[in-house]
Amino acid sequence: MSDLHPERRNFYGRIHGKTLRQSQKGYLAEDLDSLRPRGITWDENPDRTPLDPTALFGGKEVWLEVGFGGGEHMVAMAAANRDIGIIGCEPYVNGVAMLLGKIRAAEVTNVAVHPGDARDLMDVLPDASIAKAFLNYPDPWPKARHHRRRFVTPDHLIPLHRVMKPGAEFRVASDIPDYIRQTLEEGPKAGFTLVHEGPDAWDNWHSTRYEQKALREGRAPHYVTFRR
């Protein structure tokens, strides 16, 4: 587990976007507190004491979605798999607000939301505690000098490998060829085994707003499956 305090850990990306609608402000004020796991932030858990993620969901198997964007995929997975629990991480407040609205609409209860850096969550997850993980259309950071900011770097993938169960599946979807290149290079270095990669989505894939934007703009999606 990392002892790198967030003041010494670089974070890149947006936290806030367009002004929230009044309904979205209501979701954040009324719903987020009950869905947010305690003991992840450094203020709440300075000793980085490990969490028990299964306790969040009454002993259910736990999945993880990193950067859930607008929440389309996460809510669809939760609705289709009510016998598991899903923790989603997303520092972008507008995305969190969109997810909360979808959670209300779908009436799913097997979700938890960490509105912050996934690394802070992985710090306090026990070894081999996550049964499946998703990384869908992450920020591409297209400039070469920014590639180290991508999620598919050792700073993220090694902790992710540690918290995943042996045999657990790690899925990555992106429309950026160079992101896929880096994913295929760095995943095995972190200990993951490549199972499949190509243009065909998973049978239970639920497309996201970012994928639909990519398709409208003529960029082809690519899907990668690893095993822990």
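In this report, the structure presented in the accompanying data block is examined. As the structure is a prediction and not an experimental result, all values here were calculated from the model.

Moving on: the overall build of the chain. Of the regular secondary structure elements, the chain holds eight helices and seven strands. Compactness check: the chain gives a C-alpha radius of gyration of 17 Å against a globular reference of 17 Å for 228 residues, within 12% of the reference. Over its C-alpha atoms, taken along the principal directions, the chain stretches across nearly 40 × 40 × 35 Å. Counting across all 228 residues of the chain, residues that qualify as buried make up 52%. Counting only contacts in the chain whose residues sit at least 6 apart along the sequence, the fraction spanning at least 24 positions is 80%. When the accessible surface of the chain is summed, it comes to about 10900 Å², and 51% of that surface belongs to carbon and sulfur atoms. Of the side-chain charges in the chain, 31 are positive and 31 negative, and the distance between the mean point of each set is 4 Å.

A word on the pattern of salt bridges. Going through the model one piece at a time under the given rule, you end up with 19 salt bridges. For lysine 132, the salt bridge is made with glutamate 169, and the minimal N-O distance between the two is 3.7 Å. On the criterion of sequence distance, the pair formed by lysine 132 in strand S4 (residues 130-136) and glutamate 169 in strand S5 (residues 164-174) is long-range, its members being 37 residues apart. Here lysine 132 and glutamate 169 have matching classes, each one buried. Here arginine 150 makes a salt bridge to aspartate 178, at a shortest N to O gap of 2.9 Å. You can see arginine 150 sitting in the loop between S4 and helix H6 (154-163) and its partner aspartate 178 sitting in helix H7 (residues 177-189), a full 28 residues away along the chain. Beyond isolated ion pairs, a larger network of salt bridges with shared partners links Lys132, Glu169, Arg171 and Arg227.

Moving on to the side chain of glutamate 65. Looking at the element boundaries, glutamate 65 is found in strand S1 (residues 61-66). For glutamate 65, which is buried and forms no salt bridge, the nearest opposite charge comes from arginine 171, at a distance of 9.3 Å. Setting aside residues up to four positions removed in sequence, glutamate 65 forms contacts with His73, Met74, Ile86, Ile87, Gly88, Cys89, Phe134 and Asn136.

Attention now moves to the pairing of strand S2 (residues 84-89). Side chains on a regular strand alternate between the two faces of the sheet. Across the six residues of S2, six count as buried, placing the element largely inside the fold. Covered by surrounding structure in S2 are Ile84, Ile86 and Gly88 together with Gly85, Ile87 and Cys89, the residues of both alternating faces. Of the pairings in the sheet, the one linking S1 to S2 comprises six bridges and is parallel in character. Following the sheet pairing, glutamate 65 is matched in S2 by glycine 88. What joins S1 to S2 is helix H3 (residues 72-80), and the crossover it makes is right-handed. Pairing of S2 with strand S3 (residues 111-114), which is carried by four bridges, proceeds in the parallel orientation.

A few words on the packing of helix H1 (residues 22-30) against helix H4 (residues 93-106). The interhelical angle for the contact between H1 and H4, taken along N-to-C directions, is 85 degrees, at an axis separation of 9 Å. Taken together, the axes of H1 and H4 lie roughly perpendicular to each other. Judged by residue contacts, Gln24, Gly26, Tyr27, Leu28 and Glu30 of H1 engage Val93, Val96, Ala97, Met98, Leu100, Gly101 and Arg104 from H4. Classifying every residue of the contact of H1 with H4 gives seven nonpolar, three polar and two charged.

It is worth spelling out the packing of aromatic side chains at this point. Under the definition given, this model contains seven aromatic pairs. An aromatic cluster of at least three residues, connected via ring pairs, comprises Phe170, Phe192 and Phe226. The residue whose ring lies beneath arginine 48 is tryptophan 42, and the NZ or CZ to ring-centre distance is 4.3 Å. Just above the ring of tryptophan 63 sits the side chain of lysine 132; from NZ or CZ to the centre is 4.6 Å.

Okay, the nonpolar core next. Ranked by internal contacts, the top residues of the largest apolar core, which has 32 residues, are Leu64, Leu121, Leu135, Phe151, Leu160, Met164 and Phe170. Within the residue set of this core, elements represented by two or more residues are S1, S2, helix H5 (118-124), S4, H6, S5, H7 and strand S7 (222-227). Of all hydrophobic cores here, the second largest spans 20 residues; its members include Met74, Leu99, Leu100 and Phe134.

Cut-off values and rules
Residues numbered from 1 in each chain as written. Predicted model: local features only at pLDDT ≥ 70, side-chain atom pairs only at ≥ 80, totals over all residues. Heavy atoms only, no water. Helix = DSSP H or I, 4+ residues; strand = E, 2+ residues; numbered from the N terminus. Rg over C-alpha atoms; globule rule 2.2 N^0.38 Å. Buried < 20%, exposed > 50% of the residue type's maximum accessible area, 1.4 Å probe, protein only. Contact = heavy atoms within 4.5 Å. Areas by Shrake-Rupley, 256 points an atom, 1.4 Å probe, with all protein chains shown as cover. Lys, Arg positive; Asp, Glu negative; His and termini not counted. Charge placed at Lys NZ, Arg CZ, Asp CG, Glu CD. Salt bridge = Lys/Arg side-chain N within 4 Å of Asp/Glu carboxyl O. Pairing = 2+ DSSP bridges. Right-handed = clockwise from strand over helix to strand, strands pointing away. Axes fitted to C-alpha atoms, helices over the stretch in contact; angles between N-to-C directions. Parallel < 35°, antiparallel > 145°, perpendicular 65-115°, else oblique. Nonpolar A, V, L, I, M, F, W, Y, C, P; charged D, E, K, R; others polar. Phe/Tyr/Trp six-rings, centres within 6.5 Å; stacked < 30°, edge-to-face > 60°. Lys NZ or Arg CZ within 6 Å of the ring centre and 35° of its normal. Core = buried A, V, L, I, M, F, W, Y, C linked by side-chain atoms within 4.5 Å.

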